[in-house]
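Chain and residue survey
As a plain string of letters, each chain reads:
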Amino acid sequence: MTKLDNKIMEFQNYINGQWLPASDGATFEQRNPANLNEVTGLWPKSPRADASAAIEAAEAAYPAWRALTVFQRGEYLKKALELMIERRDATAEILTLENGKTLRESQVEIDAAIKEMEYQIHEGLRLCGETMPSATDGVFAYQTRVPLGVVSVISPWNFPFNVPGRKCTPALMAGNTVVFKPASLTPQTGYAFTQLMADAGVPAGVFNFITGGGSTVGGELTTNPLIKAISFTGSTEVGKRLNTVAAENLTRTQLELGGKNPMVVLGDADLDVAAQAAVTAAFSCAGQWCTSTSRLIVTEDIAGALIEKVVAKVKAMQIGPGQDASTTLGPVCGEDQVKGILEYIEIGKSEGAQLLTGGSKIKSGPLADGCFIEPTVFGGVTPKMRIAQEEIFGPVLSIITVKD
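To start, this report covers the structure provided alongside it. (Residues numbered from 1 in each chain as written. Predicted model: local features only at pLDDT ≥ 70, side-chain atom pairs only at ≥ 80, totals over all residues. Heavy atoms only, no water.)

**Some words on the overall build of the protein**
The helix and strand tally for the protein stands at 12 helices and 18 strands. Its C-alpha radius of gyration of 23 Å places the protein within 12% of the 22 Å reference for a compact globule of 404 residues. Oriented by its inertia axes, the alpha-carbon framework of the protein measures out at about 70 × 70 × 40 Å. Counting only residues that meet the buried cut, the protein has 51% of its 404 residues in that class. Sequence separation of at least 24 residues holds for 72% of the intrachain contacts in the protein that already meet a minimum separation of 6. Carbon and sulfur atoms form 52% of the exposed surface of the protein, whose accessible area is close to 18,300 Å². (Helix = DSSP H or I, 4+ residues; strand = E, 2+ residues; numbered from the N terminus. Rg over C-alpha atoms; globule rule 2.2 N^0.38 Å. Buried < 20%, exposed > 50% of the residue type's maximum accessible area, 1.4 Å probe, protein only. Contact = heavy atoms within 4.5 Å. Areas by Shrake-Rupley, 256 points an atom, 1.4 Å probe, with all protein chains shown as cover.)

Pasting the structure below:
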């Protein structure tokens, strides 16, 4: 990376062991969601040709990487893990700067990545096959696991460090080479992950990192016939399209898409525990998890008391930049996210749901230039309402009251 005269950092792709700008020089800005006036870096807006070059580098590196024993591959990744532990706090600060989640939430994500990478390295050493009886005399039947080739990894912005770790580590341990595209909202977090691989001495071409658009870089990473497997985390809509185009080459796909997760509270529950669990599950990381609790289903005998406790806890949340120690709810990750979440809030109102608290973007004061949305709770929600069926991916909780 280089520092421009106005102190904005300019970053590069990592292809075949070299840091390179986009071949046409195009760039895009990443902005801090807590303050959209702050540009955190300029990134290569890579054309398809650059993605193709990264894929070809991975293809060229594949035979030598595959030829290593799993123990030799593991040594490289163990070194990357050591560096991950050393850089834990610095990486968490980058994550908060780009994504907006609180620093504590970012540290939890890095810690989870450390644990998962350690697990996956050791699990990779168990690269075992099977033996089985044969119906033919004198024939010994067995199967063994072999790598596929070049794998593309397309990661999301909500967990931009943990997800690449859980995708890239097993792919590399198995003997595949990787081309990694981070989400454009959080490229520096992906860059930090890539630095681990580069600094650990992973051979040139084995791990490649490229930034750019979904229709250009993403398109090449899902349609190039040299790609033998795709691991994608993102929206259901995009995942469906990806699965369709990947089928043209019979490319294996691993898709982690959206969710609409319920929490059910029955009459014998401890309401204080239930209320805290609901608020934590609904509003951690500003509700931007595919596993966030977005529906709270509660029996009518305790609904009033539980709703009162939930709303009180939500109103007590401290909204602010993730770097502030007092913050319990940071901004959502970008302007498009703000727009989409506010549209769903309006849909909830129009459908007849009762807005119990929140419901607006903060437009005045020190948070006005950020992507801050008040934590929002709807009551009187019915199962047929869109806010009860569709993923909102923001700080919005729908409460559904049921008889039993």
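**Structural notes on the pattern of salt bridges**
One pass over the structure, following the stated rule, counts 14 salt bridges. Across the pair Arg 88 and Asp 89 runs a salt bridge whose closest N-O atoms are separated by 2.8 Å. Notably, a salt bridge pairs Asp 272 with Lys 309, separated by 2.9 Å at the nearest N-O pair. Taken together, the residues Asp 272 in helix H9 (residues 271-283) and Lys 309 in helix H10 (residues 300-315) connect sequence positions 37 residues apart. Judged by relative accessible area, Asp 272 falls into the partly exposed class, the value being 47%. (Salt bridge = Lys/Arg side-chain N within 4 Å of Asp/Glu carboxyl O.)

**Section: the environment of Met 173**
Secondary-structure assignment places Met 173 in helix H5 (residues 162-173). Sequence separation between Met 173 and Gln 72 is 101 residues, and the spatial gap between their C-alpha atoms is 9.3 Å. The contact partners of Met 173, leaving out residues within four places of it in the chain, are Val 70, Arg 73, Gly 74, Leu 77, Gln 120, Ile 121, Gly 124 and Leu 125.

**Observations regarding the side chain of Lys 167**
Position of Lys 167 relative to the elements: it lies in helix H5. In this structure Lys 167 is buried but unpaired, with Glu 256 as the nearest side chain of opposite charge at 4.5 Å. In this structure the side chain of Lys 167 is engaged in a polar contact, spanning 3.0 Å, whose partner is the side chain of Thr 233. In contact with Lys 167, other than residues within four places in its own chain, are Val 153, Ile 154, Ser 231, Phe 232, Thr 233 and Gln 254. (Lys, Arg positive; Asp, Glu negative; His and termini not counted. Polar contact = N/O pair within 3.5 Å; in protein donor to acceptor, adjacent residues only side chain to side chain.)

**Digging into the sheet that holds strand E16 (residues 354-357)**
Where strands meet in a sheet, backbone hydrogen bonds hold them as pairs that are either parallel or antiparallel. Overall, mixed pairing links the 5 strands, which are arranged E14-E15-E18-E17-E16 in an open sheet. Strand pairing shows two members of the sheet lacking a second neighbour, strand E14 (261-265) and E16, which therefore form its edges. Across the sheet, the mean angle separating the axes of adjacent strands is 25° when strand polarity is ignored. Pairing geometry for strand E17 (residues 376-379) and strand E18 (residues 396-402), over 3 bridges, is parallel. (Pairing = 2+ DSSP bridges. Axes fitted to C-alpha atoms, helices over the stretch in contact; angles between N-to-C directions.)

**Quick look at the pairing of strand E5 (residues 27-32)**
Alternating residues of E5 divide into Phe 28, Gln 30 and Asn 32, all buried, and Thr 27, Glu 29 and Arg 31, none buried. Once E5 ends, the chain turns through 2 residues before running back antiparallel as strand E6 (residues 35-44).

**Points about the nonpolar core**
Within the largest apolar cluster, 48 residues are counted, with the highest numbers of intra-cluster contacts made by Val 265, Phe 283, Leu 296, Leu 306, Val 310, Val 381 and Ile 387. Mapped by element, the contributors of at least two residues to this core are E14, H9, strand E15 (293-299), H10, helix H11 (335-350), E17, helix H12 (386-389) and E18. Filtering out sequence-adjacent residues up to four positions away, Val 265 remains in contact with Ala 274, Leu 296, Ile 297, Val 298, Thr 299, Ile 302 and Leu 306. (Core = buried A, V, L, I, M, F, W, Y, C linked by side-chain atoms within 4.5 Å.)

**Details of helix H2 (residues 70-86)**
Spanning 17 residues, H2 covers 24 Å between terminal C-alpha atoms, matching the ideal 24 Å at 1.5 Å per step. All buried positions along H2 are accounted for by Val 70, Arg 73, Gly 74, Leu 77, Ala 80, Leu 81, Leu 83 and Met 84. Tucked into the core, H2 has its buried residues touching helix H1 (48-67), helix H3 (88-99), helix H4 (103-124), H5 and helix H6 (187-199). (Expected span 1.5 Å × (residues − 1).)

**A look at the packing of H3 against H6**
One way to put it is that H3 packs onto H6 with a least axis distance of 8 Å and a crossing angle of 160°. Of the possible angle classes, the one that applies to H3 and H6 is roughly antiparallel. Contacts between H3 and H6 involve Thr 91, Ile 94, Leu 95 and Glu 98 from the first element and Pro 187, Gln 188, Thr 189 and Ala 192 from the second. Its residues assigned to classes, the contact of H3 with H6 comprises 4 nonpolar, 3 polar and 1 charged. (Parallel < 35°, antiparallel > 145°, perpendicular 65-115°, else oblique. Nonpolar A, V, L, I, M, F, W, Y, C, P; charged D, E, K, R; others polar.)

**Description of the packing of aromatic side chains**
Considering all chains together, one arrives at 16 aromatic pairs under this definition. Between Trp 19 and Tyr 191 the ring centres are 5.0 Å apart and the planes differ by 45°, which places this aromatic pair in the tilted class. Of the two residues, Trp 19 is situated in strand E4 (residues 18-20) and Tyr 191 in helix H6; the sequence distance between them amounts to 172 residues. Under the relative-accessibility criterion, Trp 19 is labelled partly exposed at 28%. The class for Tyr 191 is buried, based on a relative accessible area of 5%. Look at Phe 193 and Phe 207: their rings are 6.0 Å apart centre to centre, the planes differ by 55°, and that puts the pair in the tilted class. One end of the pair, Phe 193, is in helix H6; the other, Phe 207, is in strand E11 (residues 207-209), with 14 residues separating them in the sequence. Its relative accessible area of 2% is what places Phe 207 among the buried residues. A cation over an aromatic ring shows up here: Lys 101 above the ring of Phe 159, its NZ or CZ 4.0 Å from the ring centre. (Phe/Tyr/Trp six-rings, centres within 6.5 Å; stacked < 30°, edge-to-face > 60°. Lys NZ or Arg CZ within 6 Å of the ring centre and 35° of its normal.)

Worth remembering: the numbers are spatial, not functional.
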